[in-house]
Amino acid sequence: MMHDNEASGLIQIKPIVPQEYEATGEVVLKAYRHLLGDSLDEGYARYIGDVSARVDDSLVLVLKKNGKVLGTVTFVADPSSPMAEGLEDGEGAVRILAVDPAEQRSGYGRLLMAETIRLAKERHLDALFLHSTKEMVQAHNLYLSLGFLRVPKRDFRPIETVSLLAFRLPLEKI
């Protein structure tokens, strides 16, 4: 998927290739550290920064502007994937959405989410599901503006100090 934005150059969203793993991991860590600060658990930081560990079990997309990785999202289309987090039948998952902090509020997160929604619909999924930390209010606003609904009954705590909020987008309405 290509976007031509005259003011900012060529924007491209595509599946990641190995040469982009390191730069993509750096974008993820910068974005999560920017949002979570010292509350970002180092074990989780290693997990989200290791892009190569998830490419076999999910589709990692990158957003590039003029050849530079500025954002990423991981799409999980299969509930049996190790990357699936609490999925129900017919759902796909959005994982690890990140935009370089210097580029946030540029619409890149929205472009990545739009591509994920398109892919989910292409695969005839019923819904997209995701979890997000309480601190990621800016992301919550994006999800709600795209039609995601809060699903408090599916909130969970992977560890005592982390509370994750659940969001679900029914795709039949889109």
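In what follows, the accompanying structure is described. (Residues numbered from 1 in each chain as written. Predicted model: local features only at pLDDT ≥ 70, side-chain atom pairs only at ≥ 80, totals over all residues. Heavy atoms only, no water.)

**Overview of the layout of surface pockets**
- In this structure, the largest pocket encloses a volume near 1,000 Å³.
- What lines the largest pocket is a set of 45 residues, among which Tyr 32, Leu 97, Ser 132, Thr 133 and Met 136 lie closest to the centre.
- Counting residues per element, the ones that place at least two in the lining of the largest pocket are α1 (21-36), β5 (91-99), α3 (108-122), β6 (127-133), α4 (137-145), β8 (156-159) and β9 (162-170).
- If one sorts the elements of the lining of the largest pocket by residue count, β5 sits on top with 7 residues. (1 Å grid on protein atoms, 1.4 Å probe; cavity = no way out; pocket = protein on both sides within 12 Å on 5 of 7 lines; lining within 4 Å. Points joined across faces, edges and corners; volume = space filled by probe spheres on them. Helix = DSSP H or I, 4+ residues; strand = E, 2+ residues; numbered from the N terminus.)

**Structural notes on the side chain of Glu 91**
- Tracing the sequence through the fold places Glu 91 in strand β5.
- For Glu 91, a relative accessible area of 0% gives the class buried.
- Engagement of the side chain of Glu 91 in a polar contact is seen with the backbone nitrogen of Glu 88, the distance being 2.8 Å.
- Side chain to side chain, Glu 91 and Arg 154 meet in a polar contact 2.7 Å long.
- Discounting residues that sit within four places of it in the chain, Glu 91 has contacts with Ala 77, Pro 79, Gly 86, Leu 125, Ala 127, Phe 129, Arg 154 and Arg 168. (Buried < 20%, exposed > 50% of the residue type's maximum accessible area, 1.4 Å probe, protein only. Polar contact = N/O pair within 3.5 Å; in protein donor to acceptor, adjacent residues only side chain to side chain. Contact = heavy atoms within 4.5 Å.)

**Observations concerning the nonpolar core**
- With 46 residues, the main nonpolar core has Tyr 32, Met 113, Leu 128, Tyr 143 and Phe 148 as its most contacted residues.
- Setting aside anything within four residues of it in sequence, one finds Tyr 143 in contact with Leu 97, Met 113, Leu 130, Ser 132, Phe 148 and Phe 167.
- Counting residues in each nonpolar core, the second largest holds 6 residues, with Ile 16, Val 51, Val 60 and Val 62 among its members. (Core = buried A, V, L, I, M, F, W, Y, C linked by side-chain atoms within 4.5 Å.)

**Focus: the packing of aromatic side chains**
- A complete count under the given rule lists 4 aromatic pairs for this structure.
- A ring pair is formed by Tyr 32 and Tyr 44, whose centres lie 6.4 Å apart and whose planes are at 55°; its orientation type is tilted. With Tyr 32 in helix α1 and Tyr 44 in helix α2 (residues 42-49), this residue pair connects regions lying 12 residues apart in the sequence.
- For Tyr 44, a relative accessible area of 33% corresponds to the partly exposed category.
- In this structure an aromatic cluster arises from ring pairing among Tyr 32, Tyr 44 and Tyr 47.
- Positioned over the ring face of Phe 129 is Arg 154, at 3.7 Å from the centre of the ring. (Phe/Tyr/Trp six-rings, centres within 6.5 Å; stacked < 30°, edge-to-face > 60°. Lys NZ or Arg CZ within 6 Å of the ring centre and 35° of its normal.)

**Here's the deal with α4**
- Among the residues of α4, Ala 139, His 140, Leu 142 and Tyr 143 are the ones counted as buried. Down the axis of α4, the buried set is contained in an arc of 160°. They therefore lie on one face.
- On its buried face, α4 is in contact with β5, α3, β6 and β9.
- Once α4 ends, the next one or two residues include Gly 147, with phi positive near 105°. (Arc of directions from axis to C-beta.)

**Remarks on the pattern of salt bridges**
- With the rule as written, the count across this model stands at 12 salt bridges.
- Two residues, Arg 154 and Glu 88, come together in a salt bridge whose shortest N-O distance is 3.7 Å. In this pair, Arg 154 is assigned in the loop between β7 (149-150) and β8 and Glu 88 in the loop between β4 (68-76) and β5, connecting sequence segments 66 residues apart.
- For Arg 154, a relative accessible area of 12% corresponds to the buried category.
- Looking at Glu 88, the relative accessible area reads 42%, which means it is partly exposed.
- With a closest N to O distance of 3.7 Å, Glu 122 and Arg 123 form a salt bridge.
- On the basis of relative accessibility, which here comes to 46%, the residue Glu 122 falls in the partly exposed class. (Salt bridge = Lys/Arg side-chain N within 4 Å of Asp/Glu carboxyl O.)

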